[in-house]
Amino acid sequence: MPGKLRVALIASEVFPFAKTGGLADVAGSLGKYLYKNNVDVRLVTPLYSQTNLNVADFYPVDFLQGMELAFGERKITYSVHTALLPGSDASVYFISCPELFNRNSIYTNDLDEHIRFTLLSRASIEIFQRMAWAPDIFHCNDWQ
């Protein structure tokens, strides 16, 4: 008998943590729906300075601290925190990288905007590899 379907849901915003528009609503609702329907869903999103830290308990993931990714000659260090998606027991993983995500707004016109969301994509893959968790589906959502 096959195991649960494994879905990685990668989004630049997830309600109720961070929201600028409909993407956050879809990511949060889809995460809850999949979990409720017996899918092993794990969400990944940036930990912005605007992230609402009051809606869940956040914890660092011990083995995902001080991670490093290279972008050409630039090395970017990040860590991962986790919380449960409110209204479900689905895990949300937050990429903490103050250098890239502590900005005045979730989306910017900064020259490194592409690096910010490339980190989201690359770090998501690395996080799951280090968890020894292989998703059947990567459901990736837009970023600017």
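See the structure printed just above.
Residues numbered from 1 in each chain as written. Predicted model: local features only at pLDDT ≥ 70, side-chain atom pairs only at ≥ 80, totals over all residues. Heavy atoms only, no water.

A. Highlighting the side chain of Thr45. As for its position among the elements, Thr45 is in strand E2 (residues 40–46). Its relative accessible area of 2% is what places Thr45 among the buried residues. At 2.9 Å, the side chain of Thr45 and the backbone oxygen of Ala11 are in polar contact. (Helix = DSSP H or I, 4+ residues; strand = E, 2+ residues; numbered from the N terminus. Buried < 20%, exposed > 50% of the residue type's maximum accessible area, 1.4 Å probe, protein only. Polar contact = N/O pair within 3.5 Å; in protein donor to acceptor, adjacent residues only side chain to side chain.)

B. Fine view of the nonpolar core. Among the nonpolar cores identified, the biggest contains 30 residues, and Val44, Tyr78, Ile95, Leu119, Ile127 and Phe128 are the most heavily contacted of them. Those elements that place two or more of their residues in this core are strand E1 (6–10), strand E4 (67–71), strand E5 (74–84), strand E6 (91–96), helix H2 (98–101) and helix H3 (113–131). It is H3 that contributes the most residues to this core, eight residues altogether. Val44 has contacts with Leu9, Ile10, Ala11, Tyr93, Ile95, Leu120, Ser124, Ile127 and Phe128, leaving out every residue within four places of it along the chain. The next biggest cluster of nonpolar side chains, apart from the first, holds 18 residues, and it includes Val41, Ala56, Leu85 and Val92. (Core = buried A, V, L, I, M, F, W, Y, C linked by side-chain atoms within 4.5 Å. Contact = heavy atoms within 4.5 Å.)

C. Quick look at helix H1 (residues 22–36). Across its 15 residues, H1 extends 21 Å between first and last C-alpha, which sits within 8% of the 21 Å expected from 1.5 Å per residue. Among all positions of H1, only Leu23, Ala24, Ala27, Gly28, Gly31 and Leu34 are buried. One side of H1 carries all its buried residues, which in axial view fall inside an arc of 140°. Turned more than 90 degrees away from the buried face of H1, the exposed residues are Tyr33 and Lys36. Buried positions along H1 lie against E1 and E2. Looking one or two residues past H1, Asn38 carries a phi angle of roughly 65°, positive in sign. (Expected span 1.5 Å × (residues − 1). Arc of directions from axis to C-beta.)

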